[in-house]
Amino acid sequence: MIIKLDSVKALFFDEGGLTTDTADIYIKDDRIARIVRGGSADAAKTGELKPDKVIDGRNKFAIPGLINAHTHAYMTMFRNIADDVPFTEWLFETISPLEDAMTEKESYYGALLADLEMIRTGTTTYVDMHMTPDESAKAAFDSGMRVCLTRGLVGDTRDDEGGIRRLNEALHDNETWCDGDRLTTMLAPHAPYTCGKDYLEYIAAFAKEKGFGLHIHLSESLNEIDGVREKYGMTPIEYADKAGVFDVRTIAAHCVQLTDNDFEILKAKNVNVAVNPISNMKLANGFSNVPRMLEKGISVCIGTDGAASNNSLNLFREMSVEALIHKGLNHDAVTVSAADVIKMATLGGAKALGRENELGELKEGYKADITIMDLRNPSFTPANNLVSALIYSCNGNEVDTVIVNGKILMENKEVKTIDEEKLYYEMDRIGSRYKKLHQERKGSE
Ligand code: NI
């Protein structure tokens, strides 16, 4: 199958910086086969590429598909159920008990709803820390998105029955669903406060031996930082480092309130920091110091976290907030630019997945993961600076067509892989059940 994006404005990461250029982009099967920049195609070069389908690119803007580097897709079912409450109350008194009541089928629909939301807002890839083997994978498989499935691992010691079961579930997903391309796996020890020292060391060693990357929440709340200090006499970053977590490719979500030494470790160990500014602000956890991370050359990617703590999986909203907060906090209008943030959501995510040689850019030979925006929108008008528009003006509604692995998942705003009516019907029922459960719990307190 050959698809041609004809005369489309496209975003490129050239040596000198970000540029937008008119181009013809040829997709062959799952990859970008040819990009002809500067207007009309050179027939001699593209002769063998006879398109089966041509997408009219006039008034369209193609960008690399966005990468949500930290989320919990199934959590859409808890959207707007517990807001404006403190972090520990939110997690331990609301979300965790509801998660205990969650059925596997419900988690499938929760994840599918997340996929629908992300496709509609231009995300093509996400890193999912989930709780239900098979169901989260099945949603990812059905939606057509590119997903790194990471089953959350919780345990005390390496002999911990629950801890071993969860690890086996992660391995099961990997063997059953992952093809090493569209669906992949990392291991996800949940956090320092849910993984005992022995268990964390075991998972880190296992990942190293078997060649898995790691995905973990680190340094998210002051509560966590104080707890780890009290128990082990070090910061969560130091603790993870000591446990061997950073000896493999790691995505560390959050990383707020870091010490000087924490920054040194993250840089020295080439850790990928997934910042989640909205979740951090909403749960009053503070801010990741992204200006300092960028200054030090630490790899930064961006995620939305789950829909219970954001409450949206729209990366356009997340990118905008990320570019704005540090300016306000630091009284510095120059810090964390629009270009910095779009790179975090594309190149940064690709690197976090260990796939910077085939994801995150519109480049020949790269995977055909492309988000096409409709320039006929007030947010893009006048077209003074399309990169600025992406970060400061767009809200995600401008996303028109989404391609993942060479397959069109949404075209002219119509999502092709998900039966939306059925999904809304199921989610209405699931949502009502959790609302009732939550109210009963609150009532019995
Ligand atoms: Ni999270």
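This text gives an overview of the structure that appears in the document. Just so it is clear, the model here is predicted, and its values are computed rather than measured.

**Thoughts on the pattern of salt bridges**
Part 1 of the argument: Scanning the entire structure with this criterion turns up 32 salt bridges.
Part 2 of the argument: Where Arg 34 meets Glu 48, a salt bridge forms, and the shortest distance between an N and an O atom there is 2.6 Å. Placement of Arg 34 in strand 3 (residues 31–37) and of Glu 48 in the loop between helix 1 (43–46) and strand 4 (53–56) is noted, with a sequence separation of 14 residues between them.
Part 3 of the argument: Among the salt bridges present, the one from Asp 369 reaches Arg 146, with a minimum N-O distance of 2.6 Å. With Asp 369 in the loop between helix 13 (338–352) and strand 15 (370–374) and Arg 146 in strand 8 (residues 146–153), the pair connects residues that are 223 residues apart, well separated along the chain.
Part 4 of the argument: For Asp 369, a relative accessible area of 7% gives the class buried.

**Things to note about the coordination of the nickel ion**
Part 1 of the argument: For the nickel ion, the full set of protein donor atoms is His 70 (NE2), His 72 (NE2), His 217 (NE2) and Asp 305 (OD), at a range of 2.1 to 2.2 Å.
Part 2 of the argument: Between the four donor atoms coordinating the nickel ion, the angles at the centre fall across 90 to 171 degrees, so the site counts as irregular.
Part 3 of the argument: Sequence positions of the residues that donate to the nickel ion give the spacing H-x1-H-x144-H-x87-D.
Part 4 of the argument: Looking at His 70, the relative accessible area reads 0%, which means it is buried.

**Side note on the sheet that holds strand 13 (residues 272–275)**
By definition, the strands of a sheet pair up through backbone hydrogen bonds, in either a parallel or an antiparallel sense.
Part 1 of the argument: Across the sheet, four strands lie side by side as 11-12-13-14; this open sheet has parallel pairing. The open sheet terminates on both sides in strands that have one partner only, identified here as strand 11 (214–218) and strand 14 (299–302). Direction aside, neighbouring strands of the sheet carry axes that sit 30 degrees apart on average.
Part 2 of the argument: In terms of strand pairing, strand 13 meets strand 14 through four bridges, oriented parallel. Residue pairing for strand 14: Val 275 is matched across the bridge by Ile 302.

Thresholds applied
Residues numbered from 1 in each chain as written. Predicted model: local features only at pLDDT ≥ 70, side-chain atom pairs only at ≥ 80, totals over all residues. Heavy atoms only, no water. Salt bridge = Lys/Arg side-chain N within 4 Å of Asp/Glu carboxyl O. Helix = DSSP H or I, 4+ residues; strand = E, 2+ residues; numbered from the N terminus. Buried < 20%, exposed > 50% of the residue type's maximum accessible area, 1.4 Å probe, protein only. Donors = N, O, S within 2.8 Å, 3.2 Å for Na, K, Ca; no water. Tetrahedral: all angles 85-135°; square planar, octahedral: opposite > 155°, others 65-115°. Pairing = 2+ DSSP bridges. Axes fitted to C-alpha atoms, helices over the stretch in contact; angles between N-to-C directions.

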